[in-house]
Structure formats: C-alpha cells, structure tokens
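# Architecture at a glance
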Amino acid sequence: MCGRYCIAASPGEMAEHYKVTVPKTCLPRYNIAPSELIPVVVPDGLTKKFRTGQFGFSSGLKNRIINARMETVLEKPLFKSHLRSGRCLVPASGYYEWKTSEGKKEPWYIYLPEKPIISFAGLIRKVRESYEIVILTTSATMPVRKIHPRMPLVLSQPGEEEYLAGKNPADVDCPGSSEYRMHKVSTRVNKTGEEGPDLILPVIINKAQRTLDMI
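This report concerns the structure included in the present document. (Residues numbered from 1 in each chain as written. Predicted model: local features only at pLDDT ≥ 70, side-chain atom pairs only at ≥ 80, totals over all residues. Heavy atoms only, no water.)

## Considering the nonpolar core
- Grouped together as the largest cluster of nonpolar side chains are 54 residues, with contacts concentrated most on Tyr 5, Val 90, Phe 120 and Tyr 163.
- Val 90 has contacts with Tyr 5, Ile 38, Pro 39, Val 40, Ile 118, Ser 119, Phe 120, Gly 122, Ile 133 and Ile 135, leaving out every residue within four places of it along the chain.
- Tyr 30, Tyr 96, Tyr 111 and Val 185 belong to the second-largest nonpolar core, a separate cluster that totals 9 residues. (Core = buried A, V, L, I, M, F, W, Y, C linked by side-chain atoms within 4.5 Å. Buried < 20%, exposed > 50% of the residue type's maximum accessible area, 1.4 Å probe, protein only. Contact = heavy atoms within 4.5 Å.)

Have a look at this one:
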C-alpha cells in the first residue's frame, strides 16, 4: 500500500516538470498522511492543471480508502467510473513503507535517486465542493518487494502522458525495478504531524540491513 509519502520539490520545480501553474504556497512536505490535502495534476483539454484534494475517498464510506489495486480497478464500482473520467497524477519524491523485523515495524524510505519528482497514478473525484484522491497500487518488484508486497503505481514521464490519455494502467510506461533505492529512516515518521527534510535521511543500521540500500 501507499499511505505516507514525501514531495520535496518546490513549487517552481513542480511547475517545470508538469508545465502547470503551481501556487507558491505549495511547499515541500515530508510526511504526507491520509485525510490531508495533497497536490495533484489533472488533464485540462490539451494541457494540464494543478488541483488539491483530500488524500483518500471517505464520503459515504465507513473507512477512508487511500489505495486502489491496479489489477481490479476496472471491476470495482467505486473506482471504475473515475478511471474513465477522474485520472490524476500525484506528485511525489518518494514514499514510506514499513518492514516487520523481530516483531517491530521499521520505516523505510523508497525513492528513485535520479528522479527528484515522480508521479503516482491517481484517481480523483468531486465530493460537494471539494475533491478526494486515491493512489493506484501494483505488485512490488525487487528490491521493493523485500520491504512490502505492494507499491504505488509509479509512472515515468512518458507514462504520465499515457495514463492521463486513458491508457490501461497495466500498460503504461514505468521506471525499471533497478532504478529504485531505499534506506531505513527514523521512527519519527510514524507520527503524523512530524515534518522536515531530516525524515527522509538514512539512520545508522547494521551491515546486514545496509545491503537493502545498496541493491
């Protein structure tokens, strides 16, 4: 799943990457959690535009849903119509996942070092006067699978255009598995409300664990 992530890019960097106008108030954030307002990019005719919405579908549901499985998104009534008319890109720099080790859950930061801005495939829907967003997930590839069996559907830059144009999510262009890197981070990220660039910095780990970061 993808429940916590980071967007370390500035408004100018996002504007350049997506060719949209981004408010100067859209500052870097290092511990985005469900229910918070998040930035997204949506199609607007032949161009794109910036929008914000709450992370997760909630209206009318017992529990907030933050992810949609790519493999079944066409079968689920909750998501099917939005895949046709509510696609969006969720800007990110990386995301957090938790690995169980000796009975404890350890947070890891997963990212692509050559890509300061990446996009998760998302779905957006309007609820009254606001918007809600979910992130599509897929089966994790190595080395991410060492941490968790699922991962967000990360799009390459060509894949961003393919996805917004309506291509089947299973067929859009994505980064290669060898591009991903990861490292263990502070348990401070476990607490919503904690913020700052130090959250994505690696913590000191033993030699056996360090091999995950080197793959």
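## Things to note about the pattern of salt bridges
- Across all of its chains, the model carries 10 salt bridges by this definition.
- Residue Glu 161 pairs with Lys 48 through a salt bridge whose shortest N-O separation is 3.1 Å. Within this pair, whereas Glu 161 is found in helix 3 (residues 157-164), its partner Lys 48 is found in strand 4 (residues 47-55), the two being separated by 113 residues in sequence.
- According to the relative accessible area criterion, Glu 161 is partly exposed, its value standing at 41%.
- Among the residues examined, Lys 48 registers a relative accessible area of 18% and is labelled buried.
- Here Glu 132 ties to Arg 125 by a salt bridge, and the two come within 3.0 Å at their closest N and O atoms. Per residue, the accessibility class of Glu 132 equals that of Arg 125, and both read buried.
- Among the ionic contacts, a cluster of salt bridges with common partners joins Arg 188, Glu 194 and Asp 198. (Salt bridge = Lys/Arg side-chain N within 4 Å of Asp/Glu carboxyl O. Helix = DSSP H or I, 4+ residues; strand = E, 2+ residues; numbered from the N terminus.)

## Some points on the sheet that holds strand 2 (residues 29-32)
- The strand order 2-1-7-8-13 describes an open sheet built from 5 strands, whose pairing is antiparallel. Looking at which strands have only one partner, the edges of the open sheet turn out to be strand 2 and strand 13 (181-184). Neighbour-to-neighbour, the strand axes of this sheet turn through a mean angle of 30°, independent of strand direction.
- Alignment of strand 8 (residues 104-111) against strand 13, held across 4 bridges, turns out to be antiparallel. In the strand pairing of strand 13, Trp 108 is matched with Lys 184. (Pairing = 2+ DSSP bridges. Axes fitted to C-alpha atoms, helices over the stretch in contact; angles between N-to-C directions.)

## Section: the side chain of His 17
- Tracing the backbone through its elements, the reader meets His 17 in helix 1 (residues 11-18).
- Beyond its immediate sequence surroundings of up to four residues, His 17 is in contact with Ile 117, Ser 119, Gln 157 and Glu 160.

Geometric values such as these leave the question of function open.
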